[in-house]
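# Topology and contacts: notes
The lines below spell out each chain.
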Amino acid sequence: MAQKLTDAVIWIGQYDVSGDHNMVRLPESVEPLKATTFGSGVTTHKNIAGLKTAGCEGSGVLSYGADSIEDVLRSKFAVAEVPNSFMAEGGQAGELAWFFKSLLTEYTPVGGDVGALHAFTFKAAASKSPLVRGQVMAAKTARTSSSNSGTPVQVGAVTAAQRVYAALHVFAVSGTNPTLDVTVKSDDGVGFASPTTRITFAQLAAAGAEFKSAAGAITDDFWRIDWTIGGTDPSFTFAVVLGIL
Amino acid sequence: MAEKLNDAFFSLGGTELSSKVKTIRLPESVEALDDTTMGDGTKSNLAGLKDWSLEVDFVQGYGAGEVDTVIAAAGGIGTIVAFVVRKSSDAVGSANPSWSGTGLIQEYQPVGGDVGGLHMTRLKLVPAGASNALTRATA
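The notes below deal with the structure included here. Keep in mind that this is a model prediction, so the values were computed, not measured.

In terms of helices and strands, chain B carries 1 helix and 12 strands. Listed N to C, the secondary structure of chain B is β-β-β-β-β-β-α-β-β-β-β-β-β in terms of helices and strands. Oriented by its inertia axes, the alpha-carbon framework of chain B measures out at about 65 × 35 × 30 Å. The 139 residues of chain B split such that 42% are buried. A sequence separation of at least 24 residues applies to 62% of the contacts in chain B between residues at least 6 apart. Of the accessible surface of chain B, which amounts to about 6,900 Å², a share of 52% is contributed by carbon and sulfur atoms. Within chain B, the 16 negative side-chain charges are centred at a point lying 5 Å from the centre of the 11 positive side-chain charges.

Written out as structure tokens, the structure reads:
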């Protein structure tokens, strides 16, 4: 069904920069390699797939100050392997998500035409990462429970040629000596009677982001995010996306 | 007779996506090999290999039968997939020829656009696979 794009979600590392943007693009392409060879009846070129290219670009309203879009882009500029996640419809649990690790290659911290909206642009390219099509497993929200599990989702099994990928974005943290441990688990049934931990993110005590993967073959097809929060009056605002490629 | 294009048929991997299509372009070309030789007063060319590209602009969607779902099911970027295009959803005929073939999904954008704009995406195929030559049919 046709829809207008009004609630795109853009996470760059530990920052939700959706509200700064008025344009985002996530082009993906593959290099076509001309593989045409001699033979009777050859009339048309034939291509095979070369390397893929993934990246993202965006633009929006420029602002300055702590945790402003200019601050975020400057902090990530020329930094490799920054987890980025994108959604088209608000980022709710179960929604399609595309994520990868990127290198911010270009941004505009200042400048434009006289009288025009002071805008930023940025471009990023994939950095040691494919573009993964997955879904939101844990939506962005503040969580305070000491130990909890997300809703199991039947994402699918992982073949020997595939990997399961996950990105953790922690946007805000409060409390005394807060700690967050997040794991990705799988099981062969929705009841999760005997889960296996597939991905363990590094413990976080502050905002941050991480992108990890695990190799197949994994026959389990149900997946769940578990987390443990420690500290005094702790609160972590975080989200997790997961996909199989 | 001149007519407007408002009922084009398009299928990808056997799944019809006509109702999601805003624009279809299927330019076909042939390499022009310069075979001009002494004595010619005008440049001359010999037909080399043919080439084509299929670019389709869609209204993007993520539910059952929607564009992203169909492209993902077909394998996404780097996959070779079959397609069929004709100017009308009417039966194939001399007044409604079809073009078909197999192509490599070379470009695709799963998400993106301007805020408040219609969520669109573009798919590009280049020749690949067993049916890399365009086939024109009138029956």
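Across its full length, chain A carries 1 helix and 15 strands. Principal-axis analysis of the C-alpha atoms places the extent of chain A at approximately 75 × 60 × 35 Å. Taking all 245 residues of chain A together, the buried fraction comes to 47%. The contacts of chain A with a sequence gap of at least 6 include a subset with a gap of at least 24, amounting to 76%. Here chain A has roughly 11,100 Å² of accessible surface; of this, 51% comes from carbon and sulfur atoms. Once the 18 positive and 22 negative side-chain charges of chain A are each reduced to a mean point, those two points are 7 Å apart.

Next up on the list: the packing of aromatic side chains. Here the structure, examined in full by the defined rule, presents 9 aromatic pairs over all chains. A centroid spacing of 5.8 Å and a plane angle of 55° characterise the contact between F10 of chain B and F58 of chain B, whose relative ring orientation is tilted. Taken as a pair, F10 of chain B in strand β1 (residues 9-12) and F58 of chain B in strand β6 (residues 54-59) lie far apart in primary sequence, 48 residues in all. An identical accessibility class is assigned to F10 of chain B and F58 of chain B; each is buried. A cation over an aromatic ring shows up here: R143 of chain A above the ring of W227 of chain A, its NZ or CZ 5.0 Å from the ring centre. Positioned above the aromatic ring of F9 of chain B is the side chain of R86 of chain B, whose terminal nitrogen or guanidinium carbon lies 4.1 Å from the ring centre.

Within the sequence span of helix α1 (residues 67-74) of chain B, burial applies to V67, D68, V70 and I71 of chain B. Each buried residue of α1 of chain B lies within a common arc of 165° when the element is viewed along its axis, so the set occupies one face.

All names here are of chain A. The buried fraction of helix α1 (residues 69-76) amounts to 6 of the 8 residues, a majority that puts the element mostly inside the structure. Turning to α1, its buried residues number three or more, namely I69, E70, D71, V72, L73 and K76. Looking one or two residues past α1, A78 carries a phi angle of roughly 65°, positive in sign.

A word on the pattern of salt bridges. In the structure shown here, the tally under the stated rule is 16 salt bridges over all chains. Across the pair R25 of chain A and D114 of chain B runs a salt bridge, and its minimum N-O distance is 3.8 Å. Of this pair, R25 of chain A sits in strand β4 (residues 21-25) while D114 of chain B is found in strand β9 (residues 112-114), placing the two residues in two different chains. Judged by its relative accessible area of 28%, R25 of chain A is partly exposed.

Let's shift gears to unusual backbone geometry. Residue and element names in this part refer to chain A. A cis amide bond links G216 with the next residue in sequence, A217, at an omega value of 5°. Among the structural elements, A217 can be located in the loop between β14 (208-215) and β15 (222-244). Of note, the phi angle at A78 is positive, near 65°, even though the residue is not glycine. Positioned with a positive phi, K128 is a non-glycine residue whose angle comes to about 55°. With respect to the element layout, K128 can be found in the loop between β9 (119-126) and β10 (132-143).

All names here are of chain A. Structurally, Q3 is set in the segment before β1 (4-5). Considering only alpha carbons, one finds Q3 and E89, 86 residues apart in sequence, at a separation of 9.8 Å. Within the structure, the side chain of Q3 is placed 3.0 Å from the side chain of E89, a separation counted as a polar contact.

To continue, consider the nonpolar core. Residue and element names in this part refer to chain A. Formed by 28 residues in total, the largest nonpolar core has its most connected members in L26, L73, F86 and F122. A per-element tally of this core places strand β8 (residues 96-107) first, with 5 residues. Not counting the four nearest positions on each side in its chain, L73 is found in contact with I12, L104, Y107, F120 and F122.

This part takes up the side chain of N132 of chain B. Along the polypeptide, N132 of chain B turns up in the loop between β11 (120-127) and β12 (135-137). Judged by its relative accessible area of 9%, N132 of chain B falls in the buried class. Side-chain polar atoms of N132 of chain B contact the backbone oxygen of T44 of chain A, separated by 2.9 Å.

Calculation notes
- Residues numbered from 1 in each chain as written.
- Chains lettered and ligands numbered in written order.
- Predicted model: local features only at pLDDT ≥ 70, side-chain atom pairs only at ≥ 80, totals over all residues.
- Heavy atoms only, no water.
- Helix = DSSP H or I, 4+ residues; strand = E, 2+ residues; numbered from the N terminus.
- Buried < 20%, exposed > 50% of the residue type's maximum accessible area, 1.4 Å probe, protein only.
- Contact = heavy atoms within 4.5 Å.
- Areas by Shrake-Rupley, 256 points an atom, 1.4 Å probe, with all protein chains shown as cover.
- Lys, Arg positive; Asp, Glu negative; His and termini not counted.
- Charge placed at Lys NZ, Arg CZ, Asp CG, Glu CD.
- Phe/Tyr/Trp six-rings, centres within 6.5 Å; stacked < 30°, edge-to-face > 60°.
- Lys NZ or Arg CZ within 6 Å of the ring centre and 35° of its normal.
- Arc of directions from axis to C-beta.
- Salt bridge = Lys/Arg side-chain N within 4 Å of Asp/Glu carboxyl O.
- Polar contact = N/O pair within 3.5 Å; in protein donor to acceptor, adjacent residues only side chain to side chain.
- Core = buried A, V, L, I, M, F, W, Y, C linked by side-chain atoms within 4.5 Å.

Functional significance is not addressed by these values, which are geometric in nature.
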